[in-house]
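Fold and geometry: a report
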Amino acid sequence: MNSIKKIFGGDTRQFGMIFALIALVIFFQWQTGGKTLTSGNMMNLFNGNSYILILAIGMVLVIIAGHIDLSVGSVAAFAGIVVAIAMRDWGLPWFGGILVGLLLGAVIGAWQGFWVAYVGIPAFIVTLAGMLLFRGANQFVGKSNTVPVPEPFQYIGSGYLPEVGPVTGYNNLTVLLGLLLVAFVIYSELRSRKRLARVGAEVPEMWVSLVKVGLISAAILYATYLFATGRPGTSFPVPGLILAALVVIFGFISNKTIAGRHVYAVGGNRHAAELSGVQSKKVNFMVMMNMSILAALAGMIFVGRSTASGPFDGVGWELDAIAAVFIGGAAVTGGVGTVIGSIIGGLVMAVLNNGLQLLGIGADMTQIIKGLVLLVAVAFDVYNKTQGKPSITGLLTRNFGNRSKPDQPSEVRSPDSEQAISTKEVISKS
Amino acid sequence: MENHTILEMRSITKEFPGVKALSDVSITVRAGEIHAICGENGAGKSTLMKVLSGLYPYGDYSGSIIFQGEEVQFKDIRSSEAAGIVIIHQELALIPELSIAENIFLGNEPTRFGVIDWDKVNRETLELMARVGLSEDPTTKIKDIGVGKQQLVEIAKALSKSVRLLILDEPTAALNETDSQHLLDLMSGLRSKGISCIMISHKLNEIEQIADSITIIRDGKSIETLHVKEDGVDEDRIIRGMVGRSLESRFPDHTPKLGEVFFEVRDWTVGHPSVPDRLVAKGSNFHVRRGEIVGFAGLMGAGRTELARSVFGRSYGNFKSGQIFINGKEVTLKSVPQAIEAGLAYVTEDRKSLGLNLLDDIKSTTVSANLKKITRNLVVDKDEEFRIAEEYRKSLRTKTPSVNEGVAKLSGGNQQKVVLSKWMFTDPELLILDEPTRGIDVGAKFEIYGIIQRLASQGKGVIVISSELPELLGLSDRIYTIFEGAITGEISREDASQESLMKLMTASKKAA
């Protein structure tokens, strides 16, 4: 146990969800007789879930800031139909379509952000309205019909990395991507060791780093192998690539930039943030807007994959995205959550879905199981917190980013905490 | 009745994961006495009371509790209340939207044929309110009465449960002098009716005034029990017990080095944020010199916080008129970022709900008001963050195993140090400290005073808002008094006394 701790740094609990994910994969691999970890299935998994995971990235920021967005499915559908019609009727090229979609997302986001941030209506209400509004708008604009999208546009939803360079039997770009990733893992481990040494903190022993890098690299290389050796014409899927890019970008923003800090600050304590000079209205506006832009993107990817935009695209997506975020360790009250955590939460759901499907379990049972998983994951978290023990789903923290919640065994903190009701009550309420 | 013991807690030990909050604590309370429990923040006072009231159920702790001659094993608060022990927490447990009567009988509603008997509720409420000296309509909502009265409602609620032993946790922390005195009188009244009280308080003068005996707890251990009359206890004696050493002076030595006036506010008028015609600041004028500590004295609700916050980037109220001059130049500070930019810092009186993100850790809190300073190419430099937080931890002597700890884990005094370091890192010219030592224990107070004086000697201006007059008198070079939103007086350190301040704090200029 101790050595596991050493390898993964910090506490093993932070990796609870990763272990759960790996355990799930292994379980399904065993139960399905090896049908889970195949090239085709992995590509399916990515293609079929990337849009939910993209939504989860936006959603985690919304939830960290203390809000929620119920409209993402409808926004995605609305953006999808507008883009499809724009390309069919106005003859826009595929990139023009994407641009229009993102722009539309921004406009919708500004609309919702305005109500949430500047009028002060709870996001639950604003986006509940948005859910109805944009679903209706989708069906109004599309006259409840299905509108096909042109071939090049489908690439963003169902395309693969192209074949380039010498014939190696593998997809070269995928292999290259995998190798780059491994190089990055090695580089960042070296850098973190250097940093620890510089700050004067304890540097883990060499073998710990070696095992850690070895394990991660092996996983990456295995995935690379799977993706690079699929049936001809397939390789690492484009939606997966978009997702990866977004994870990197938003992981960076949430973790390393002032904007990211401000989102956590507003979610953690809005009043304190404001008195520290954070413009909370702007932050709220931006997270809502960002969510709608990502929703529009997710909608377009889905349309690209299904080759047409329809009136019932995106139904129920908001719930999948929200579930992913909460399984990934975010707090309903805001201030807590990570991008990576949400992605892993989303992957847990995706693998469950996929595995149960492979096992031939019906949609009814699948929903029941998914519901229970969500409940149990969060209940476990809550239970641990009330016990004053560290949280299990407050996973994936210091190593991936410093934004985990500090453990709060509430009883241990100074019992004589003062919280007088006085003028400040009046002030904070007004 | 004398010397008849009502409660005895023997060798109570309570552990949390990794922390021994109480070890072998014993306390004996005589019937019909007011027993004060003193100790620094984090000493274990509240934990002990939670054990007593059953919040930590039997089995969670070791040791025994003997109440009215019998050993008791409380499973929860209900069982301790059934035995006659009622605890009134510092954070009042009243529901703002319910009436006084509804609150008093909440969870205990008298019924007739399964329906709440409102006549009985209101009748009994009136009786109970009379006992605590409160005259209000029983149907008044809690949110419509002041904190002082709310406290009385809590006590009335306790009385409705035929209380034998009343526990009050910091009962006067949020009250002004008049309300505090009323509460203390009420406690003496209860005592004469044979109800024992345990009170936890940081206000040593109140303890000296009212308590019959005092148990001092330090670092989770009961140090000693003093009998006020027999032992001739005074404040210094209590402090010595609490900190384990005597503080020669409660304020560090400090010789002010006053510079020129650099900050001035003229004719500052601000409207109430929700009541249109009410003014929270009425043409206030004040100034601060470099190196000067200026006190703002006023009763709770006089408008001290409102004035300070409206100056700090208009973060409170509706700005009506007024000018701010910094170094002789007029400036307009319309938002908090502008105020910070102009060199202002405001430390709120309410750390938990306005001052800190309790989910955050020490290091990121420290830099949170000045992230720009450690950001290069869009990236917040975490090494720098750690280094800076460490620096402040050392120079302010914040007690924590590491700056990676969550701020929620710290005691009040250490949290305040983190808040101070956050604002010191913005390198302000003027620091406005609103109740900087509220809820902070004696030892940490002394350190905070030292920090304030150090800032002043560095040439910064400091405004200290405080409800504790001795604190203002000990710290300030000059004091403004505020009454109902207006500045009613300006007194230099030499001329100030509790009496002169009190006079100006309670009457407007014209009346005086």
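Cut-offs used in this document
Along each chain, residue indices are assigned from 1 in the same order as the chain's sequence is written. Both sets of labels track the order of writing: A upward for chains, 1 upward for ligands. Restriction of local features to residues with pLDDT of at least 70 applies here, the model being predicted, together with a cutoff of 80 or more for giving and counting side-chain atom pairs; totals for whole chains, interfaces and linings are based on all residues. A run of H or I in DSSP becomes a helix once it reaches four residues, and a run of E becomes a strand once it reaches two; helices and strands are each numbered from the N terminus. The size measure is the radius of gyration over C-alpha atoms, and the globule rule it meets is 2.2 Å times the number of residues to the 0.38 power. We call a residue exposed when 12 or fewer other C-beta atoms sit within 10 Å of its C-beta, buried when the count reaches 20 or more, and partly exposed for counts in between; the C-beta positions come from the backbone. Residue pairs are scored as contacts if the distance between their C-beta atoms, which are placed from the backbone, is within 7 Å. All domain edges in this entry derive from an automatic or database-based domain assignment. Here the rule is simple: two strands pair whenever DSSP picks up at least two bridges between them. Axis geometry follows a simple rule: fit a line to the C-alpha atoms, using only the stretch in contact for helices, then measure angles between N-to-C directions, giving values from 0 to 180 degrees. Left-handed describes a crossing whose near helix is turned anticlockwise from the far helix by less than a right angle; the clockwise case is right-handed. Gly counts as polar in this scheme, as do all residues outside two lists: the nonpolar Ala, Val, Leu, Ile, Met, Phe, Trp, Tyr, Cys and Pro, and the charged Asp, Glu, Lys and Arg. Here the expected length of a helix is defined as 1.5 Å per residue gap, with one fewer gap than residues.

This part covers the overall build of chain B. Scanning chain B from terminus to terminus reveals 18 helices and 24 strands. Against the globule reference of 24 Å for 512 residues, chain B gives a C-alpha radius of gyration of 24 Å, in line with a compact fold. Once the C-alpha set of chain B is aligned to its principal axes, its extents read approximately 70 × 50 × 50 Å. Here chain B holds 512 residues, and 50% of them are scored as buried. For chain B, the share of sequence-separated contacts (at least 6 apart) that also reach a separation of at least 24 residues comes to 68%.

As a further point, take the domain arrangement of chain B. Segmentation of chain B into domains returns domain 1 (5–243), domain 2 (261–343 + 428–505) and domain 3 (362–426). Taking the mean C-alpha position of each, domain 1 of chain B and domain 3 of chain B sit 36 Å from one another.

This part takes up the sheet that holds strand 13 (residues 261–271) of chain B. Residue and element names in this part refer to chain B. Reading across from one edge, 14-13-16-17 is the order of the four strands in this open sheet, with antiparallel pairing throughout. Since the sheet does not close on itself, it has two edges, and those belong to strand 14 (279–289) and strand 17 (329–331), each with one partner. Taking each pair of neighbouring strands and ignoring which way they run, the sheet shows an average axis angle of 15°. Pairing of strand 13 with strand 14 involves seven bridges; the strand directions are antiparallel. Note on strand 14: the bridge partner recorded for Glu-264 is His-287.

Time to look at the sheet that holds strand 23 (residues 478–483) of chain B. Residue and element names in this part refer to chain B. Strands sit in the order 18-21-22-15-23-24 across an open sheet of six strands; the sheet is mixed. At either margin of the open sheet sits one strand with a lone partner, and together these are strand 18 (344–347) and strand 24 (486–492). When the angles between neighbouring strand axes are averaged without regard to direction, this sheet yields 20°. Pairing geometry for strand 15 (residues 293–298) and strand 22 (residues 461–466), over five bridges, is parallel. Bridge pairing in strand 22 links Ala-297 to Ser-466. Where helix 10 (residues 304–311) meets the sheet, its contacts fall on strand 15, strand 18, strand 21 (430–434), strand 22 and strand 23, and the angle it forms with strand 22 comes to roughly 150°.

Glancing now at the packing of helix 3 (residues 39–64) of chain A against helix 15 (residues 339–358) of chain A. All names here are of chain A. Where helix 3 contacts helix 15, the axes come no closer than 9 Å and their chain directions differ by 140°. The hand of the helix 3/helix 15 crossing is right-handed. Counted together, Asn-41, Leu-45, Asn-49, Ile-52, Leu-53, Ala-56, Ile-57 and Val-60 of helix 3 and Val-339, Ser-342, Ile-343, Gly-346, Ala-350 and Asn-354 of helix 15 form the full contact between these two elements. Looking at the contact of helix 3 with helix 15 residue by residue, the classes come out as nine nonpolar, five polar and no charged.

With that settled, consider helix 2 (residues 16–31) of chain A. Helix length check: helix 2 of chain A, at 16 residues, gives a terminal C-alpha distance of 22 Å against a target of 22 Å (1.5 Å per residue), a fit within 8%. Summarising the contacts, the buried residues of helix 2 of chain A are in contact with helix 15 of chain A.

Looking now at the pairing of strand 3 (residues 34–38) of chain B. Side-chain positions along a regular strand alternate between the two faces of the sheet. Residues and elements named next belong to chain B. Most of strand 3 is tucked away: five of the five residues are buried. Side chains Ile-34, Ala-36 and Cys-38 of strand 3 all project onto a buried face; the interleaved residues His-35 and Ile-37 project onto the opposite face, where all are buried too. In the sheet, strand 3 pairs with strand 10 (residues 196–200) via four bridges, with the strands oriented parallel. For Ala-36, the partnering residue across the bridge sits in strand 10 and is Met-199. Pairing geometry for strand 3 and strand 11 (residues 213–218), over four bridges, is parallel. Looking at strand 11, one finds that Ala-36 is bridged to Ile-214.

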